[in-house]
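Residue strings, one per chain:
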Amino acid sequence: MTVPRRGRRSAGAEEPDDAGPVRRPERLFAEGTDPDPRFSLANERTFLAWIRTSLALFAAGIALEGLNLPIHPGFRLAAAVVLIALGTLTPAHAWYGWLRTERALRLDRGLPPPTTMAVPLAVGLLTVGALIVAGLLR
């Protein structure tokens, strides 16, 4: 199904004086044409979902270390550090994924393949689970 594009403008076309605020990053929005807003909004929702994931990872890491849980302190600290490290990497992944997808939409190209954050996230969460189980059994 082909969705018609609305609000197309060619790269380098002059903007009227009342164009409104500058969209950032300027270099990205200077490329190509505006895609159908539904696609850009879906891309933004994906970005925000990764940001929520990052916040949840931070919260879990802080809560794990901050609460007095019956887990061996060394294992608890290690699990909290892994969660906070994953929470630190996730926003960079979100930004990079948003940028790649938005550029592809603006240039009317196929969507880029998904980035590989799923593997580090899965390995990290499995590690956290193992650390918590080990800390509970010790």
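All figures in this text were calculated on a predicted structure; none of them were measured in a lab. (Residues numbered from 1 in each chain as written. Predicted model: local features only at pLDDT ≥ 70, side-chain atom pairs only at ≥ 80, totals over all residues. Heavy atoms only, no water.)

### Overview of the overall build of the protein chain
And then number 1: When helices and strands are counted, the protein chain shows four helices and zero strands.
And then number 2: Put simply, the protein chain runs from its N terminus to its C terminus through helices and strands in the order α-α-α-α.
And then number 3: Within the protein chain, the fraction of its 138 residues that count as buried is 28%.
And then number 4: For the protein chain, contacts bridging at least 24 residues in sequence account for 74% of all contacts bridging at least 6.
And then number 5: Only carbon and sulfur atoms are counted for the fraction: they give 66% of the accessible area of the protein chain, which is about 9,100 Å². (Helix = DSSP H or I, 4+ residues; strand = E, 2+ residues; numbered from the N terminus. Buried < 20%, exposed > 50% of the residue type's maximum accessible area, 1.4 Å probe, protein only. Contact = heavy atoms within 4.5 Å. Areas by Shrake-Rupley, 256 points an atom, 1.4 Å probe, with all protein chains shown as cover.)

### What to know about the packing of helix α3 (residues 73-106) against helix α4 (residues 118-137)
And then number 1: Between α3 and α4, the shortest axis-to-axis distance is 8 Å and the interhelical angle comes to 165 degrees. Considering their axes alone, α3 and α4 lie roughly antiparallel with respect to each other. The hand of the α3/α4 crossing is left-handed. Where α3 approaches α4, its residues Phe75, Ala78, Ala79, Val82, Leu83 and Leu86 are matched on the opposing element by Pro120, Leu121, Gly124, Leu125, Val128, Leu131, Ile132, Ala134 and Gly135.
And then number 2: Of the residues in the contact of α3 with α4, the class split is 13 nonpolar, two polar and no charged. (Axes fitted to C-alpha atoms, helices over the stretch in contact; angles between N-to-C directions. Parallel < 35°, antiparallel > 145°, perpendicular 65-115°, else oblique. Left-handed = near helix turned anticlockwise from the far one by under 90°. Nonpolar A, V, L, I, M, F, W, Y, C, P; charged D, E, K, R; others polar.)

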